[in-house]
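# Results of the structural survey
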Amino acid sequence: MARYLVIVESPAKVKTIKKFLGSNYVVTASQGHVRDLPKSQLGIDVENDFEPKYITIRGKGDILANLRKEVKKADKIYLATDPDREGEAISWHLYVALKLEGKKVYRISFNEITKNAVKASIKDAREINMNLVDAQQARRALDRMVGYKISPLLWAKVKRGLSAGRVQSVALRIIADREEEIDAFIPEEYWTLDATIHVEGEKKPLVASFYGKDKKKMTIHSKEEMDQIVREIEHEKFFVDEVKVSERLKKAPLPFTTSTLQQEASKVLNFATQKTMRIAQQLYEGVDIKGSGTIGIITYLRTDSTRISDEADAAAREYIREVYGENFVAEGEKKKASEKKIQDAHEAIRPTDLSRTPASVKESLTRDQFRLYQLIWKRFAASRMQPAKFESTSVKIGAGAYQFSVSTSKVVFEGFRIAYVESDEEKMASNLLVKGLDQDSVLTKEALEEKQHFTQPPSHYTEAALVKTLEELGIGRPSTYAPTISTIIARRYVSKENKNLYLTELGEVVNNMMKQSFPSIVDVNFTANMEGLLDMVEEGKVEWKSVIRNFYPDLDEAVKVAEKELESVKIEDEVTDVICEECGRNMVIKYGPHGRFLACPGFPECRNTKPYLEKIGVPCPLCGKEVVLRKTKKGRKYYGCEDNPECEFMSWQKPSKEKCPECGGYMIEKGNKLVCADEKCGYVRNNKKN
């Protein structure tokens, strides 16, 4: 009897796939990569045209030995690793490591782990795609060069265990640039004016917002402007100026890509990107569903395509027709005659079977698996449905030369919203009586409400917002977002507090060094162009080593210059006036994984350490003692009194010695400006020292 060997990546898939194939198929797992570049050296032969030096990964010897035994018994070998460039590379490494040349070897890939997909993949078996392999080799080599060439310099300068990375350093810079924007932001005052209006014949009053003057929109900047407007409209009659009724359509959302799934799961489920990927991997590889056994219930999770196969599309439309009705089924899409890119070989992330509803599998899934599956299921169902229709009514109410506006929106046809409502969909307006308004309505002003506001700085990045930005800028790829964010948090360059990502003191030091010595590595456009080149390698348009040949000399030169600059700046421990209470020596400033700390120079005889509180030469505005630079538990910087917890003073911005000439309060530095810490005072001037 013929014997066929199928090699997959993950042991979790073995059980699922074994079930779909006959008894003459043996399914086994490589458990990811079996070969890689060595950890102890660069592993790329710069003198020999950048040839990579691959070695067997430690601990994978036994796995390879077992695979070799199975290979000897097999008539045909199917390499069934993941359907992306990383999976293609693993197949190629297996081909080389198991010495499969001359044997009947086939590459198979499936976008979903279902019986039909697995059987169809064996019929469509092909050769290994070396363009995909070379794109992965180029990416791996570039990442290795950046990491292994620059990290030792950071280590030497800042002392311990730091690292740089081709994508992580750019992500760090993006976060650092946003922090600078926030720090330099100066709030501007503005006011809003709401009119509570009684409409004759209606029980509930209407709340209209100030719009402008002479039919032009205007912003109220100050209390003086507000008082002027209120005086002018105080005795004016309110009347309906115009009523506009319009219909608007909201299109159904596209099915999830890796990036949009990470963003939505972060917003709706509060999942970190890494958690989303881990749970999606479980749903893809196979879960034990009561009555069906182990099956993969979603398609492959690493994709930047929103394409759906014709079969899945037809099945989804049929399901929607039966469950929701014909009028909810989306019209057929017109096929675009565009060149299909290799990256588009994948489908979007969708359930493998739409009739497998979240409710029907709830008991078989963990809470987190169920919540993620439900999100994917609802989004895909919605993507095959009709747009939602809204009737919007917009009313302008006149008061002399001024106008107020009020608008409402009601759903005329739910469309896709019957299945799924996006996390950021705007709140529906609550003024439901507007539908009864017309030019003849009699209005009476009941009250005017004035409110002072201040413009808000840009918000801190969340994981979802960072993923969106990385994708928009073309930096990294779906598979790299989660590990990149996890790395910068694990290295303590960035701290995560209440979803927000904050730059730590350590992150600031590393980012400044990278900007100074390796500007191109942290340049957003340079990194995005590099991604474009790697995509061209994948498409077979560029030879992979030519990318490396062009990149390496500039990197090497920058490293040599940085090394010389480091030599000229002899890095010595900075001695402080803090005396070690154990041995009497002056303590020195050291860098550790969490940033700076004080250590006794008598190490190892004296091992005394303590937190380093850097004085900034500014007296505390509350008690007059010194203000010091402090850090939250997660490493975010702030300024506080040295006498904490007795004194509660704290500020996220650096305080100044100078007092505000307007109100006498303390001032803070924002970019090149000095600003009163009290927003209501609003005093701003240029900082003389800049």
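Residues numbered from 1 in each chain as written. Predicted model: local features only at pLDDT ≥ 70, side-chain atom pairs only at ≥ 80, totals over all residues. Heavy atoms only, no water.

### Let's talk about unusual backbone geometry
In the segment running from Phe-603 into Pro-604, the intervening peptide bond is cis, with an omega of 10°. Residue placement: Pro-604 occurs in the loop between β22 (595–599) and β23 (609–611). Each neighbour pair has its own omega, and for Asn-644 with Pro-645 the value is 10°, a cis peptide bond. Positionally, Pro-645 belongs in the loop between β26 (637–641) and β27 (650–651). The phi angle at Gln-31 is positive, at roughly 55°, despite the residue not being glycine. Assignment of secondary structure puts Gln-31 in the loop between β2 (25–29) and β3 (35–36). Of note, Lys-215 is a non-glycine position whose phi angle comes to about 65°, a positive value. (Helix = DSSP H or I, 4+ residues; strand = E, 2+ residues; numbered from the N terminus.)

### Notes on the side chain of Glu-463
Looking at the secondary structure, you find Glu-463 in helix α13 (residues 463–473). Those residues in contact with Glu-463, other than ones at most four positions away along the chain, are Ala-272, Thr-273, Ile-485, Ile-489, Lys-496, Lys-499 and Leu-501. (Contact = heavy atoms within 4.5 Å.)

### A few points about the confidence of the model for the protein
The predicted coordinates of low-pLDDT regions are not to be read in fine detail. Mean pLDDT over the protein: 90, with 93% of residues reaching 70 or higher. In this model, residues 334–344 is a region of pLDDT below 50 whose contacts with residues beyond four sequence positions or in other chains number 12 contacts. (pLDDT = per-residue confidence, 0-100.)

### A look at helix α14 (residues 478–490)
Burial in α14 covers these residues: Pro-478, Thr-480, Tyr-481, Ala-482, Thr-484, Ile-485 and Ile-488. Arg-492 occupies a position one or two residues after α14 and carries a positive phi of about 65°. (Buried < 20%, exposed > 50% of the residue type's maximum accessible area, 1.4 Å probe, protein only.)

### Describing the sheet that holds strand β31 (residues 684–686)
One open sheet accounts for four strands, arranged β28-β29-β30-β31; its pairing is antiparallel. Because the sheet does not close on itself, it has two edges, and the strands there are β28 (655–659) and β31. Direction aside, the axes of adjacent strands within the sheet are offset by 35° on average. Pairing of β28 with strand β29 (residues 666–670), which is carried by two bridges, proceeds in the antiparallel orientation. When the sheet's bridge partners are listed, Pro-655 is paired in β29 with Ile-668. (Pairing = 2+ DSSP bridges. Axes fitted to C-alpha atoms, helices over the stretch in contact; angles between N-to-C directions.)

### A closer look at the pattern of salt bridges
According to the stated counting rule, one finds 43 salt bridges in the structure shown. Lys-451 is the partner of Glu-449 in a salt bridge, and the nearest nitrogen-oxygen pair spans 3.9 Å. In this structure, Lys-631 and Glu-505 form a salt bridge, with 3.5 Å as the shortest nitrogen-oxygen distance. In this pair, Lys-631 sits in strand β25 (residues 626–631) while Glu-505 sits in helix α15 (residues 505–517), placing the two residues 126 residues apart along the sequence. Assessed through its relative accessible area of 29%, Lys-631 is described here as partly exposed. Given the relative accessible area of 10%, Glu-505 is considered buried. (Salt bridge = Lys/Arg side-chain N within 4 Å of Asp/Glu carboxyl O.)

### Focus: the packing of helix α8 (residues 258–269) against α14
With their axes 8 Å apart at the nearest point, α8 and α14 run at an angle of 40° to one another. The angle between α8 and α14 places the two elements in the oblique class. Every residue of α14 that contacts α8 at Thr-258, Ser-259 and Gln-262 is listed here: Pro-478, Tyr-481 and Ala-482. Class assignment for the residues of the contact of α8 with α14 results in three nonpolar, three polar and no charged. (Parallel < 35°, antiparallel > 145°, perpendicular 65-115°, else oblique. Nonpolar A, V, L, I, M, F, W, Y, C, P; charged D, E, K, R; others polar.)

### As for the packing of α8 against helix α9 (residues 273–285)
One way to put it is that α8 packs onto α9 with a least axis distance of 9 Å and a crossing angle of 115°. As for how α8 packs across α9, the hand of that crossing is right-handed. From α8, Thr-258, Leu-261, Gln-262 and Ala-265 reach across to α9, where they touch Thr-273, Thr-276 and Met-277. Tallied by class, residues from the contact of α8 with α9 come to three nonpolar, four polar and no charged. (Left-handed = near helix turned anticlockwise from the far one by under 90°.)

### Quick notes on the layout of surface pockets
One number sums up the size of the second largest pocket: a volume of about 1000 Å³. Taken together, 38 residues line the second largest pocket, and the ones lying closest to its centre are Ile-182, Asp-183, Ala-184, Trp-652 and Gln-653. Listed by contribution, the elements that provide at least two residues to the lining of the second largest pocket are α6 (168–184), α15, β26, β29 and β30 (673–676). Take the lining of the second largest pocket: its biggest share by element is six residues, from α6. Its residues placed into classes, the lining of the second largest pocket shows 16 nonpolar, eight polar and 14 charged. (1 Å grid on protein atoms, 1.4 Å probe; cavity = no way out; pocket = protein on both sides within 12 Å on 5 of 7 lines; lining within 4 Å. Points joined across faces, edges and corners; volume = space filled by probe spheres on them.)

### Regarding the pairing of strand β19 (residues 500–503)
Where strand β18 (residues 494–497) and β19 come together, four bridges link them in antiparallel fashion. Opposite Glu-497, over in β19, you have Asn-500 as the bridge partner. What sits between β18 and β19 in their antiparallel hairpin is a turn of two residues, with Asn-498 showing a positive phi close to 50°.

### Regarding the nonpolar core
Most often, soluble globular proteins have nonpolar side chains that are buried together. Among the nonpolar cores identified, the biggest contains 74 residues, and Ile-77 and Ile-150 are the most heavily contacted of them. Take this core: its biggest share by element is 10 residues, from helix α5 (residues 130–158). Not counting the four nearest positions on each side in its chain, Ile-77 is found in contact with Leu-5, Ile-7, Val-71, Leu-100, Lys-103, Lys-104, Val-105 and Tyr-106. Judged by nonpolar contacts, the second largest core, of 64 residues, contains Leu-261, Ala-312, Phe-416 and Ala-419. (Core = buried A, V, L, I, M, F, W, Y, C linked by side-chain atoms within 4.5 Å.)

### Considerations on the environment of Ile-521
Here Ile-521 shows up in the loop between α15 and α16 (524–538). Assessed through its relative accessible area of 4%, Ile-521 is described here as buried. Once the C-alpha coordinates of Ile-521 and Arg-585 are considered, the two residues, 64 residues apart in sequence, prove to be 42 Å apart. Not counting chain neighbours up to four residues away, the residues in contact with Ile-521 comprise Val-146, Ile-150, Arg-166, Val-170, Met-514, Thr-527, Phe-551 and Leu-555.

### Examining the sheet that holds strand β7 (residues 76–79)
One open sheet accounts for four strands, arranged β2-β1-β7-β8; its pairing is parallel. Either end of the sheet is taken by a strand with one partner, and the two such strands are β2 and β8 (105–107). Going from strand to strand, the sheet's axes swing by 20° on average, the running direction of each strand aside. Of the strand pairs in this sheet, β7 and β8 are connected by three bridges, and their pairing is parallel. Residue Leu-79 lies in a different strand from β8, and its bridge partner there is Arg-107. Against the sheet, helix α1 (residues 11–20) touches β1 (4–8) and β2, its axis set at about 165° to β2.

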